[in-house]
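Here is how the chains run, residue by residue.
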Amino acid sequence: MAFYRPARWQKPFAFTVLCALLALPGLMEIFDQSYYIGFATRVLIFALAASSLNLVLGFGGMVSLGHAAFFGIGAYVAAICQQGGIVEGLLAFPLAMGVAGLFALLVGALSLRTRGVYFIMITLAFAQMVYYLFISARAWGGDDGLPLSERMQFAGLSLTDDKVLFYVALGLLTAIMLLLGRLADARFGRTIQAIRENETRMEALGYPVFRYRLVCFALGGAIAGLAGALLANLTGLASPALLQWTQSGTLLVMVIIGGVGYLYGGVVGALVLLLLEEFLLGFFAHWHIVLGLLLIGIVLFAPKGVAALFDKHRSQP
Amino acid sequence: MTQLFLEQALNGLQFGLMLFLLAAGLTLVFGIMDCINLAHGSLYMVGAYFVAAAAQAADSFWIGLGAGVAGAAVLGLLLELTLFRQLYRRDHLSQVLATFALILIANETVRLIWGPAPLMLNPPEALSGPVEIAGFFYPAYRLVIIAFGLAVAGLLYLLVAKSRVGMWVRAGASNREMTEALGINVRGLFTAVFVFGAALCALAGGLLGPLLAVQVGMGESVLILAFVVIIIGGIGSIRGALVGALIVGTVDTLGRALLPTLLRALLPADAAATLGPALASILIYLLMAAILFFKPQGLFPARA
Amino acid sequence: MPTRLTALAAALMLAGSVHAADPIKVGFVSTLSGPGAGLGVDIRDGFNLAMKQLNGKLGGLPAEVLIADDQQSPDIAKQATDKFLKKDKVDFMTGVVFSNIMLAVGPAVFQNQTFYISANAGPSQYAGEQCNPFFFNVAWQNDNLHEAVGKYVQDKGFKNVVIVTPNYPGGKDAVSGFKRYYKGQVADEIYTKLGQLDYAAELAQIRATKPDALFFFLPGGMGINFVKQFVAAGLSRDTQLFAPGFSADEDVIKAVGAPMMGMFNSSHWAQDMDNAENKRFVAEFEKEYKRLPSLYASQGYDAALMMDAAVRDVKGKVSDKKALQKALEAKRFKSVRGDFKFNHNHYPVQNYYLRVIAKDAQGRVTNKTMGSIFTNHADAYASQCKMK
Amino acid sequence: MTAATNSAKNAPLLDVRGLSRRFAAVDALRDVNFSVEAGEVHALIGPNGAGKTTFIHHVSGALQADSGSIHFAGHDVTKLSMHRRVGAGMARSYQITNVFLGLSALDNVALAVQGRPDAGSSFRFWRPVRTEHALFDAAAGYLEQVGLRDKQQSIAGNLSHGEQRALELAMALATQPKMLLLDEPMAGTGPEESARMVELIEHLARHVTILLVEHDMDAVFRLADRISVLVNGQLICTGTPDAVKNDAGVRRAYLGDHL
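**Notes on the pattern of salt bridges**
Enumeration over the complete set of coordinates arrives at 42 salt bridges over all chains. Two residues, A:Arg187 and D:Glu132, come together in a salt bridge whose shortest N-O distance is 2.9 Å. Residue A:Arg187 is found in helix H7 (residues 187-197), and its partner D:Glu132 is found in the loop between helix H4 (105-114) and helix H5 (133-145); the two belong to separate chains. Each of the two residues, A:Arg187 as well as D:Glu132, counts as buried. Where D:Glu132 meets D:Arg124, a salt bridge forms, and the shortest distance between an N and an O atom there is 3.3 Å. Overall, the relative accessible area of 6% leaves D:Glu132 in the buried class. Linked by salt bridges that have partners in common, A:Arg151, A:Asp162, C:Asp82 and C:Lys86 make up one network.

Structure, rendered in structure tokens:
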């Protein structure tokens with residue numbers, strides 16, 4: 001897989017899309033379709049979550065099947081903050097990122113010592129452990145999840161207005177994408193991509209590979225935590241379903257549909273998958289069959305998109 | 001108290017042996033083909049549906065079980081020939097993606113064919129009651145499950161440890177290239193192992209059907225447990241799968257039964273009962289983490 | 001999975017202009033897959049049967065029923081509800097089976113000033129302090145059926161009881177309802193995970209306790225498995241089973257069969273009730289779906305009738321929320337359970353009966369009404385409701 | 001070995017004592033004592049399967065020994081991971097060409113420069129690498145040393161085999177090693193390319209100590225100051241090229257095998 005190099009049209013294109021999105025809520029209100037403001041916010045949030053996994057998987061080359069844990073933890077931190085009276089997002093969101101990131105640091109420190117299938121299964125098992133922990137925690141709602149009685153504020157603005165939440169999500173996604181774009185081209189991005197390509201070589205060049213991987217993994221976890229906190233505000237509920245491993249699978253699917261290791265892979269994947277879900281579902285209740293076949297098709301017939309990027313002869317966890 | 005303990009131990013054994021049926025196929029596919037198969041749980045689900053449907057059609061549980069297992073084996077064969085064969089040499093990400101896709105397809109197809117509501121599968125009439133052992137009553141059907149599990153474990157032992165095919169399988173698990181170099185038809189061996197794994201899945205699904213419910217999504221939770229089993233046991237090792245399965249089954253059942261009692265001494269009843277089962281399920285993962293810490297390759301590593 | 005089930009008069013839709021009639025829209029979010037699916041499916045089928053009898057109309061106006069499966073997950077339910085409220089702008093919501101899901105979707109519905117006609121979930125919160133003008137329960141308050149069993153078990157003189165319920169709000173309501181009338185010793189309270197299917201560990205625990213009666217509330221597939229495993233473990237020899245009607249209705253009977261005979265349970269409705277509406281309902285339900293209706297089906301059926309009567313009352317002006325509320329409170333429909341009225345907290349005040357599972361005249365295993373336990377019984381939380 | 005030996009003034013740059021390693025039932029290395037003096041080119045030779053690559057893996061830190069010790073530049077590195085040994089001044093090239101094929105030659109070497117402790121931390125998330133001119137200037141210098149000045153902007157995947165090996169050397173050099181571990185640098189190169197490689201190594205040997213593993217005996221005898229011979233995991237002889245050439249044991253093990 002090549003190192004990330006943005007296409008020339010990417011920046012102007014992203015900027016155009018951003019401008020269009022700024023006008024979206026107003027347009028939706030004019031056409032009396034304000035439901036789609038919420039839907040668009042959902043896409044933005046999942047774009048953020050998928051991009052965080054893309055950092056870990058696409059740039060860092062770590063096939064983690066436990067990413068939903070960080071996503072869910074972010075949601076729970078937001079809900080717990082809200083119940084505890086911390087309703088300012090400027091406070092709660094960094095807190096969600098911090099807790100999710102720290103937990104990712106812990107999980108990473110334990111699981112990055114393993115390789116291959118073991119890594120996949122251990123990340124999966126840790127996520128499952130978190131899932132059971134939250135299900136058991138009566139104080140945090142157990143099976144039912146923890147509701148937010150009201151949405152939070154962000155810099156004093158109430159997120160109860162769907163439009164405000166949309167703009168906050170858009171702003172945060174833009175900021176994170178900017179960071180990821182810069183990061184990919186900076187020393188750190190170079191380093192983790194090179195480690196993905198050839199771990200031993202990097203070690204032989206004197207890089208402390210484990211440390212770079214770990215930081216990448218934790219950073220991904222923190223961003224996923226931010227997405228979770230936003231999602232809890234959107235749905236008004238921190239649900240244990242967010243922590244389930246199938247959620248990790250869905251995020252993985254988003255990244256792969258969108259393009260592993262491409263800066264906007266997660267964004268595109270989230271958009272495509274949620275659009276498919278929203279509109280195909282109405283016509284064909286069993287659309288997962290179509291999705292499944294599509295994914296298998298990608299694996300079998302578009303190995304350039306997936307497999308060739310992660311050549312087996314090169315090392316990867 | 002001893003009676004309670006004995007009954008719970010039997011429950012743990014029954015659960016563990018069923019996990020073993022699932023883990024045996026999974027560990028071989030992992031070990032020999034180096035292929036991560038998330039859809040193993042789906043084979044369990046589809047197998048259970050096959051058994052339930054066949055049992056309903058034939059109005060006999062045993063015929064249904066036989067037909068369902070055979071059906072699952074055929075499905076396994078088709079899957080191996082069309083899809084898995086392509087996946088063995090792919091990277092793990094491709095395997096994860098393709099088999100995750102299989103889960104989606106399997107769940108939706110089952111929902112399409114059999115509807116969203118669970119199917120009911122009843123045990124044979126003669127086994128639906130209890131039998132008396134050592135002074136207490138125990139469900140006859142659970143004893144049958146235990147018998148089946150032990151029989152399969154014995155059979156697998158003979159097959160893997162004593163037969164020529166088993167030797168190839170063991171050789172394949174510890175060193176694939178060497179086995180290939182020895183001129184063994186590895187392709188055919190892979191197919192056979194995969195089909196056998198699918199049949200074991202269906203057997204577990206069919207046997208558990210009357211105890212649980214045959215429903216969409218039943219494969220996902222059990223898949224994780226099977227993973228834990230083979231991580232504990234060591235990927236590629238049948239013996240490891242058996243030991244791992246029994247450990248997980250016993251720890252889970254005893255934890256579920258005894259932790260609430262223990263916690264009740266310390267906490268109010270409902271808090272204890274809430275914490276108990278959850279702690280018991282975490283117990284397995286803690287155990288796994290501990291074993292991995294001391295033996296990163298599991299208890300019985302197949303590869304030197 | 002919102003499958004658009006258009007129950008609206010197709011001819012009218014095709015012939016009339018697009019603006020001719022804005023149909024009355026009903027959002028139906030229920031548990032249609034997984035272990036709890038039997039309940040949601042019965043509510044849906046009952047509801048649809050009523051719609052069919054009403055020629056697809058509510059209060060004489062064309063109606064559209066939008067159906068979604070919540071998969072017994074609060075957040076999927078929330079998402080589907082949100083879509084119905086904001087995108088489809090439904091006039092009524094109904095369908096939720098489980099109280100935890102009801103509590104998750106309730107706030108959004110009330111905030112949107114949409115009427116929720118619960119055909120099942122009757123959480124104590126919405127009966128008491130959090131009662132809401134937009135929430136009606138056409139079935140019962142969660143505790144009621146358990147209270148009835150508690151009273152019966154107390155009256156029969158059982159002294160040592162084990163209680164088994166899932167660990168969720170409905171389960172807590174069950175325990176408090178039962179214990180409100182049962183005053184004897186409770187040997188053990190066992191809380192299982194919602195959706196649990198293997199009860200081996202719990203049954204061993206029960207065996208060790210040696211109770212003379214066991215009260216369990218495990219809705220849907222959970223109850224089916226529990227009863228099957230209870231019988232298979234040989235516990236039925238020494239312990240008498242009691243349950244609310246939820247755990248002893250057609251869905252469970254069909255799956256478990258003869259071993260359930262002789263089990264006592266409580267309900268506000270039974271398929272052998274002797275009134276014209278019920279006779280018609282049971283006969284047509286059987287004709288349509290080839291099975292006997294359960295109490296869930298009767299509740300779904302009543303929910304549709306209730307909407308129909310209220311829409312007719314306000315002459316289709318469903319946008320007048322105050323008037324619609326009055327119309328709903330007035331309860332101008334004939335319920336299949338016989339007469340009942342709404343309390344000020346929008347929960348029913350009604351009779352509760354004792355049923356026993358036995359063979360009927362045609363040799364089918366089903367419920368038989370034995371007599372009433374409570375008459376004109378209200379719930380225990382109404383006094384906390386400040387709504388007038 | 002004790003600290004006393006290490007602190008001795010004329011201690012060898014690399015000092016391996018009693019190194020042993022078993023794989024399953026096979027003794028891959030048996031009690032190997034081996035040293036490289038600062039400034040020399042020390043060649044390690046031996047028949048196929050003698051354990052040369054295993055030995056190199058142990059020296060570089062890719063594998064850990066069952067017993068024995070490794071000292072490098074006065075430090076006990078026996079338990080250190082690979083990247084720490086690199087930090088201590090040990091660089092290696094690989095038998096199979098091991099460069100980042102998707103990057104330009106210059107980017108490859110810049111990545112090596114970036115990994116150096118004196119280049120600062122790589123936990124930098126914002127500034128684009130291409131604006132860090134210091135990295136690229138240094139990298140260009142190393143490319144020049146190995147004769148790839150004109151190929152700076154070429155994608156590594158498009159370079160010839162010999163050029164890729166040279167590029168790898170440049171990367172190894174960029175880590176500013178005290179000692180270069182060269183694992184069969186001539187492998188797979190044509191006669192012309194090999195001649196150039198020999199020249200290149202000769203040139204490098206003026207600045208850096210080299211541990212060379214190689215099959216090409218002409219190259220070995222031309223380059224090496226000392227030669228060690230490894231047979232069946234045991235070191236049977238160490239000495240000047242002439243001494244080794246005339247050693248009876250070596251002749252038996254080596255030539256005997258071939259004749």
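**Concerning the packing of H4(D) against helix H6 (residues 161-174) of chain D**
Residue and element names in this part refer to chain D. One way to put it is that H4 packs onto H6 with a least axis distance of 8 Å and a crossing angle of 25°. The orientation of H4 with respect to H6, classified from their angle, is roughly parallel. Here the hand of the crossing between H4 and H6 comes out right-handed. Seen from H4, the contacting residues are Ala105, Asn108, Val109, Ala112 and Val113; seen from H6, they are Leu167, Ala170, Met171 and Ala174.

**Topic: the arrangement of the chains**
Here the protein chains form four pairs of chains in contact, of which the pair with the most contacts is chains A and B. The least C-alpha distance between chain B and chain D, which are not in contact, is 7 Å.

**Description of the sheet that holds strand E9 (residues 226-231) of chain D**
Residue and element names in this part refer to chain D. Spatial strand order, E6-E7-E8-E3-E9-E10: six strands in an open sheet with mixed pairing. Looking at which strands have only one partner, the edges of the open sheet turn out to be strand E6 (90-93) and strand E10 (234-239). Ignoring strand direction, the axes of neighbouring strands in this sheet form an average angle of 15°. Contacts between helix H2 (residues 52-60) and the sheet are confined to strand E3 (41-45), E6, strand E7 (179-183), strand E8 (209-213) and E9, with E7 contributing the most and set at about 150° to the helix.

**Quick word on a nonpolar patch on the surface**
Where nonpolar side chains cluster on the molecular surface, the patch consists of A:Ile86, A:Leu91, A:Leu95 and A:Val99 and spans about 320 Å² of accessible area. You can call A:Ile86 partly exposed: its relative accessible area is 32%.

**Re the sheet that holds strand E5 (residues 75-76) of chain D**
Residues and elements named next belong to chain D. Reading across the sheet, the four strands line up as E2-E1-E4-E5 and stay open at both edges, with antiparallel pairing between neighbours. If you trace the sheet from one side to the other, it starts and ends with strand E2 (26-36) and E5, each paired once. Looking at chain direction, strand E1 (residues 14-23) and E2 are connected through seven bridges and run antiparallel. Of the residues in E2, the one forming a bridge with Asp15 is Ser35. Contacts from H2 reach E1, E2 and strand E4 (67-72), with the element oriented near 120° to E1.

**Regarding the domain arrangement of chain D**
Note: interface size is frequently given as the accessible area lost on complex formation between the parts. All names here are of chain D. We note that the domain assignment places domain 1 (1-89 + 178-259) and domain 2 (97-176) within chain D. The distance between the C-alpha centroids of domain 1 and domain 2 comes to 26 Å. The interface of domain 1 with domain 2 comprises 16 residues on the first partner and twelve residues on the second. Together, the buried faces of domain 1 and domain 2 total about 1,100 Å²; carbon and sulfur atoms form 68% of this surface. The tally of links between domain 1 and domain 2 comes to zero salt bridges. Where domain 1 touches domain 2, the interface holds four residue pairs in polar contact (both at pLDDT 80 or more). Of all the secondary-structure elements, those providing two or more residues to the side of domain 1 that touches domain 2 are E7 and helix H7 (191-204). In terms of residue count, the dominant contributor to the side of domain 1 that touches domain 2 is H7 (five residues). Taken together, the residues that form the side of domain 1 that touches domain 2 break down as nine nonpolar, three polar and four charged.

**Quick word on the environment of C:Gln130**
By the secondary structure assignment, C:Gln130 is in the loop between helix H5 (124-127) and strand E7 (135-137). In this structure the C-alpha to C-alpha distance between C:Gln130 and C:Met263, which are 133 residues apart in sequence, comes to 35 Å.

**Some details on the interface of chain A and chain B**
The partner chain B presents 46 residues to the 42 residues of chain A that form the contact. Together chain A and chain B conceal approximately 4,100 Å² of surface at their shared face, both sides included; 82% is due to carbon and sulfur atoms. Applying the counting criterion to the chain A and chain B interface returns zero salt bridges. For the pair chain A and chain B, the number of links is three residue pairs in polar contact (both at pLDDT 80 or more).

**Describing the nonpolar core**
A:Phe93, D:Val109 and D:Leu180 are the most contacted members of the largest nonpolar core, which totals 282 residues. Looking at which element gives the most residues to this core, the answer is helix H2 (residues 35-59) of chain A, with 18 residues. Split by domain, this core shows at least three residues from each of two domains, domain 1 (1-89 + 178-259) and domain 2 (97-176) of chain D. Counting 130 residues, the second-largest nonpolar core is a separate cluster that includes C:Phe98, C:Tyr168, C:Phe216 and C:Leu241.

Thresholds applied
Residues numbered from 1 in each chain as written. Chains lettered and ligands numbered in written order. Predicted model: local features only at pLDDT ≥ 70, side-chain atom pairs only at ≥ 80, totals over all residues. Heavy atoms only, no water. Salt bridge = Lys/Arg side-chain N within 4 Å of Asp/Glu carboxyl O. Helix = DSSP H or I, 4+ residues; strand = E, 2+ residues; numbered from the N terminus. Buried < 20%, exposed > 50% of the residue type's maximum accessible area, 1.4 Å probe, protein only. Axes fitted to C-alpha atoms, helices over the stretch in contact; angles between N-to-C directions. Parallel < 35°, antiparallel > 145°, perpendicular 65-115°, else oblique. Left-handed = near helix turned anticlockwise from the far one by under 90°. Contact = heavy atoms within 4.5 Å. Pairing = 2+ DSSP bridges. Patch = residues over 30% accessible without salt bridge, like charges linked within 9 Å, V, L, I, M, F, W, Y side chains within 5 Å. Areas by Shrake-Rupley, 256 points an atom, 1.4 Å probe, with all protein chains shown as cover. Domains from an automatic or database assignment. Buried area = accessible area lost by both parts, 1.4 Å probe. Polar contact = N/O pair within 3.5 Å; in protein donor to acceptor, adjacent residues only side chain to side chain. Nonpolar A, V, L, I, M, F, W, Y, C, P; charged D, E, K, R; others polar. Core = buried A, V, L, I, M, F, W, Y, C linked by side-chain atoms within 4.5 Å.

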